[in-house]
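Geometric and topological summary
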Amino acid sequence: MSVTPAVENRVSLRPYNSFGLPALAERLVRVRSEDDVRRVLATPALARRPKFVLGGGSNIVLTTDLRAVVLKVEVAGKRVVSRDENAAVVEAGAGESWHGLVEWTLEQGLPGLENLALIPGSVGASPVQNIGAYGVELQDRFESLDAVDLETGTSLTLDAPACRFGYRDSVFKHRGPDGLAGRCLITRVRFRLPQPPRAVLGYLDIERKIAETGITHPTPRQVFDWVCAIRRAKLPDPAVIGNAGSFFKNPVVTPEQCRDIIARDPAIVHYPLGDGTFKLAAGWLIDACGWRGKSIGQAGVYEKQALVLVNRGQAIGGEIVTLACAIQESVYGRFGIRLEPEPVLL
């Protein structure tokens, strides 16, 4: 095995982040296999430097050039690992498009991911964020993943408990002795899809589609089409308007906090959770503070969905961060709630 990886110098990252923000990678290596990672670790000039794992770039805000060695994940491939009367297990390379995987599973007659259609980003990023939409979270369909330790080059396989999934959270987002942030690179992810399929329809927007169409038992393809239509009506296409999807997490509050806010703002959108807490709609909070359609420089709040921040053309990362901080202060001042960004600010 060659120990000299192909290194690209001073690479523009504008095409590799969904906000379309300007930044350079001083050194970039394209990772298409575990061996590519080991070549980096076997090259002293690269092994000594910090590493930054870059997937689909749909969950980052670049505010500066990256001096770390950028490992651009491009591991490809999709396959059905196993299938029986209880479940089908499918595997995809971490560099595959998430939405492309969802489409592919339906083409194989293996539904289960359709509620997660049109979420931007790569397969490898999906467990990091524990992506979720319309009543389904990635952890509901997760089987296991393969990764490479970025210090030792050792191969790892992690199951769901090891990933410590939470709301838009996982072990990959935490540093320290109990976290894996910056410590490994995910190469492949496997998903367990229930057999026979069990449609998840108990989400308000999907219930509206059922009422509109009169289709009470939609096929997986119909659910897929509905989810795509719902998302396209609310969210801008990153290829047209730079964005990272939902910018803030929906805050979770105690029953007492929820009652207090409802007393002051009865119209607030809120959802009860199984543990007795309540999830508040961050987009509603932002909208209530008057931010929809507003801008700071070239960074703006999307006109159709206040939860989405957009690049109006030539925004820099600092403008996105300034706008986000202003929204946080506004929401905190009115509701006493501190919104937490979903993307990683770099």
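Please refer to the structure placed before this passage.
These remarks concern the structure in this document. Every residue gets a number counted from 1 within its own chain, in the order that chain's sequence is written. The model is predicted, so local features are restricted to residues of pLDDT at least 70 and side-chain atom pairs to those at 80 or more, both for listing and for counting; the totals for chains, interfaces and linings are taken over all residues. Each side-chain value is derived from all of the structure's non-hydrogen atoms; neither hydrogens nor water enter the calculation.

1. Here we look at helix 6 (residues 204–213)
To sort residues, take the accessible area from a 1.4 Å probe on protein chains only and compare it with the maximum for the residue type: under 20% means buried, over 50% means exposed, and anything in between is partly exposed. Counting from the N terminus, the helices are DSSP H or I runs at least four residues long and the strands are E runs at least two residues long. If you check which residues of helix 6 are buried, you get D205, I206, K209 and I210. End-on view of helix 6: buried residues confined to an arc of 150°, all on one side of the axis. Across helix 6 from its buried face, at more than 90 degrees, point the exposed residues A211 and E212. Residues count as neighbours in contact if any of their non-hydrogen atoms are within 4.5 Å of one another. Turning to helix 6, the residues buried within the fold contact helix 7 (220–234). Two residues or fewer after helix 6 comes G214, characterised by a positive phi angle close to 75°. By definition, the arc is the one covered by directions from the helix axis to the C-beta atoms.

2. Remarks on the environment of K279
Mapping K279 onto the fold places it in strand 16 (residues 278–280). Remark: the alpha-carbon pair of K279 and L138, spanning 141 residues in sequence, is separated by 18 Å. Filtering out sequence-adjacent residues up to four positions away, K279 remains in contact with Y167, N250, P251, V252, V269, H270, Y271 and L273.

3. Re the sheet that holds strand 1 (residues 8–12)
Ordered by their spatial adjacency, four strands build an open sheet running 1-2-5-3, and the pairing between neighbours is mixed. Either end of the sheet is taken by a strand with one partner, and the two such strands are strand 1 and strand 3 (51–54). The average angle at which neighbouring strand axes cross in this sheet is 45°, direction not considered. As paired strands, strand 2 (residues 24–31) and strand 5 (residues 66–73) are joined by six bridges and run parallel to one another. Counted as the bridge partner of A25 is L66 from strand 5. For helices, the fitted line uses only the C-alpha atoms of the stretch in contact; every axis is such a line through C-alpha atoms, and the angle between N-to-C directions lies from 0 to 180 degrees. The strands touched by helix 1 (residues 34–41) within the sheet are strand 2, strand 3 and strand 5, with strand 2 carrying the most contacts at an inclination of about 135°. Here, strands pair whenever DSSP counts at least two bridges between them.

4. Here's the deal with the layout of surface pockets
Looking at the second largest pocket, its volume works out to about 520 Å³. Considering the residues around the second largest pocket, the lining is formed by 30 residues, among which L118, I119, P120, G121 and P238 are closest to the centre. Classification convention: Asp, Glu, Lys, Arg as charged; Ala, Val, Leu, Ile, Met, Phe, Trp, Tyr, Cys, Pro as nonpolar; all other residues, Gly among them, as polar. Looking at the lining of the second largest pocket, its residues break down into eleven nonpolar, twelve polar and seven charged. Lining residues are defined by having an atom within 4 Å of a point belonging to a cavity or pocket. Those points lie on a 1 Å grid over the protein atoms alone, cavities being sets where a 1.4 Å probe fits but cannot get out and pockets being open sets with protein on both sides within 12 Å along at least five of seven lines. Grid points are joined across faces, edges and corners, and a volume is the space filled by probe spheres set on the points.

5. Quick notes on the sheet that holds strand 12 (residues 184–194)
Strands pair in a sheet through their backbones, by hydrogen bonds, and they do so in one of two ways: parallel or antiparallel. Overall, antiparallel pairing links the five strands, which are arranged 6-7-12-10-11 in an open sheet. Each end of this open sheet is capped by a strand with a single partner; those strands are strand 6 (78–83) and strand 11 (155–159). Going across the sheet, the axis of each strand differs from the next one's by a mean of 20°, ignoring polarity. Strand direction decides the pairing type here: strand 10 (residues 142–149) and strand 12, joined by seven bridges, are antiparallel. Residue pairing in the sheet places F142 in a bridge with F191 of strand 12. Sheet strands in contact with helix 1 are strand 10, strand 11 and strand 12, and its direction is about 30° off that of strand 10.

6. Focus: the packing of helix 3 (residues 98–107) against helix 7
As a packed pair, helix 3 and helix 7 sit with axes 10 Å apart at the nearest point and diverge in direction by 160°. Classed by the angle they form, the pair helix 3 and helix 7 counts as roughly antiparallel. Seen from above, helix 3 lies across helix 7 with left-handed handedness. For the pair formed by helix 3 and helix 7, the contact residues are H99, V102, E103, L106 and E107 on the first element and P220, R221, F224 and C228 on the second. Of the residues assigned to the contact of helix 3 with helix 7, the class counts are five nonpolar, one polar and three charged. Note that the term roughly parallel is reserved for angles under 35 degrees, roughly antiparallel for angles over 145, roughly perpendicular for angles of 65 to 115, and oblique for everything else. Crossing handedness follows the turn of the near helix against the far one: under a right angle anticlockwise gives a left-handed crossing, and clockwise gives a right-handed one.

7. Details of unusual backbone geometry
The step from Q195 to P196 runs through a cis peptide bond, and the omega angle for that step is -5°. By the element assignment, P196 lies in the loop between strand 12 and helix 6. A positive phi angle, close to 50°, is found at R164, a residue other than glycine. Within the secondary structure, R164 is located in the loop between helix 5 (160–163) and strand 12.

8. Section: the side chain of H99
Along the chain, the position of H99 falls in helix 3. Exposure remark for H99: the relative accessible area of 15% places this residue in the buried category. If we ignore the near neighbours within four places in the chain, the residues touching H99 are A117, L118, I119, F224 and C228.

9. Some details on the nonpolar core
By nonpolar core we mean a set of buried residues, namely Ala, Val, Leu, Ile, Met, Phe, Trp, Tyr and Cys, connected to one another through side-chain atoms within 4.5 Å. Counting residues in hydrophobic clusters, the biggest one holds 54 residues, and the most contacted among them are L71, W98, L101, L145, F172 and F191. Those residues within four positions of L71 in sequence are excluded, and the remaining contacts are V29, V31, V40, K51, F52, V53, L54, L150 and L185. Among the nonpolar cores identified, the runner-up in size contains 41 residues, and V70, F248, L280 and V301 belong to it.

10. Comments concerning the pattern of salt bridges
Take a side-chain nitrogen of Lys or Arg and a carboxyl oxygen of Asp or Glu: if they are within 4 Å of each other, that pair is a salt bridge. In the structure shown here, the tally under the stated rule is 23 salt bridges. Here R38 and E34 are joined by a salt bridge, their closest N and O atoms 2.9 Å apart. Taken together, the residues R38 and E34, both in helix 1 and four residues apart, mark about one turn of the helix. A network of salt bridges, in which partner residues are shared, links E8, R30, R32, K72 and E74.

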